[in-house]
Amino acid sequence: MSHTAHIPSHRKPRRSASKVSLRAGVAGGVLSTIALAGAAAPAIAAQPVNETIEMPTLSGDLATTAAATVQATKAVAADLQLQAAQDAAASTAAKDAKKAKDDAEQKAAEAKAKAEAEAQAKEKAAATERASRSAERTTLKAASASTGATSFKASNATGSAAAIVNFALAQVGKAYVSGATGSSAYDCSGLVQAAYRQIGVDLPRVSQDQSATGTDVSLSNLQPGDVLYWGGKGSAYHVAIYVGGGNFVGAQNPSSGVVERSLDYDAPSGAVRIL
């Protein structure tokens, strides 16, 4: 190669001045814009907020759902309140029922105890009465065996009245049986009828008719043999025979049998004289 030949240069070609100026202008504009923005930013930030931002309203479907939820909550609360009231009422009713049951059981127990006590008292009284009658009969039998004759209290009556009185006294200690007319047992009118039969007088069978037979006599003017009655004349429920000394003999009841008692023991309603 000749020394005069062209040797390429390794340096980059120089840019044209117009291109360099253009680029410098663009860069300067950008920097100016940034500088202006930075200077204006504090002024904007310092301005107060004068506007209120409204929250978005719920759509129709969301409002309906919310209202339904509120109603459901209220309904559940009402149900719970009602259930609580019902539970309280049931508890109170159960307590009242238990108390009533306990009171009823206590009253029943008290009534039963009272009835048992009364029954025991009656049984004791009946046993005492039976023992007394048994002792009286034993005494009468013993006296009869020792004297060889029927034992009864003598009366100051005479004639027919004495026969009636002595017969009545002889029946003391015998049993009372409703409808019986002798000779081992009597009822009240059966004893009176049997006593008057001893003198041939046939009296009516029942106490009502016997109280209406004969002549009325005052209780202050009684004589042995007079018929005493309890109840109304013609409607008497009990009769007996006056034996003198302020006493009478009558078939009283199943517990007592035929007994002799004072007029003070059970004052009669009236009396009739048949002899």
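This text goes with the structure placed above it.
So, here's what we can say about the structure. It should be emphasised that the depicted structure is a prediction, and the values quoted were computed from it without experimental measurement.

**Observations regarding the sheet that holds strand β4 (residues 227-232)**
Within the open sheet, the 6 strands sit side by side as β3-β8-β4-β5-β6-β7. Their pairing is antiparallel. Looking at the sheet topology across the chains shown, the edges are occupied by β3 (215-217) and β7 (257-262). Taking each pair of neighbouring strands and ignoring which way they run, the sheet shows an average axis angle of 40 degrees. By the bridge criterion, 3 bridges tie β4 to strand β8 (residues 270-273) in an arrangement that is antiparallel.

**So, the pairing of β8**
In the sheet, β3 pairs with β8 via 3 bridges, with the strands oriented antiparallel. Counted as the bridge partner of Val217 is Ala271 from β8.

**Regarding the environment of Val239**
Residue position: Val239 is located in strand β5 (residues 235-244). Residues Val239 and Asp187, spaced 52 residues apart in sequence, show a C-alpha to C-alpha distance of 9.5 Å. Setting aside its immediate chain neighbours within four residues, Val239 contacts Cys188, Ser189, Val192, Ser207, Gln210, Val227, Leu228, Tyr229 and Trp230.

**Regarding the pattern of salt bridges**
Taken as a whole and assessed by the stated rule, the structure comprises 5 salt bridges. The partner of Lys99 in a salt bridge is Asp103, and the shortest N-O contact between them spans 3.2 Å. Of this pair, Lys99 and Asp103 both sit in helix α2 (residues 60-147), 4 residues apart, which is roughly one turn of that helix. Across the salt bridge formed by Asp226 and Arg273, the nearest N and O atoms sit 3.0 Å from each other.

**Considerations on the nonpolar core**
With 26 residues, the main nonpolar core has Tyr186, Leu191, Val192, Ile241 and Val249 as its most contacted residues. Going through the elements one at a time, α3 (159-170), α4 (188-197), β4, β5 and β6 (247-253) are the ones with two or more residues in this core. No other element matches α3, which puts 7 residues into this core. Core analysis: the next-biggest nonpolar cluster, separate from the first, contains 9 residues, Leu222, Leu228, Trp230 and Ala271 among them.

So, how was this worked out
Residues numbered from 1 in each chain as written. Predicted model: local features only at pLDDT ≥ 70, side-chain atom pairs only at ≥ 80, totals over all residues. Heavy atoms only, no water. Pairing = 2+ DSSP bridges. Helix = DSSP H or I, 4+ residues; strand = E, 2+ residues; numbered from the N terminus. Axes fitted to C-alpha atoms, helices over the stretch in contact; angles between N-to-C directions. Contact = heavy atoms within 4.5 Å. Salt bridge = Lys/Arg side-chain N within 4 Å of Asp/Glu carboxyl O. Core = buried A, V, L, I, M, F, W, Y, C linked by side-chain atoms within 4.5 Å. Buried < 20%, exposed > 50% of the residue type's maximum accessible area, 1.4 Å probe, protein only.

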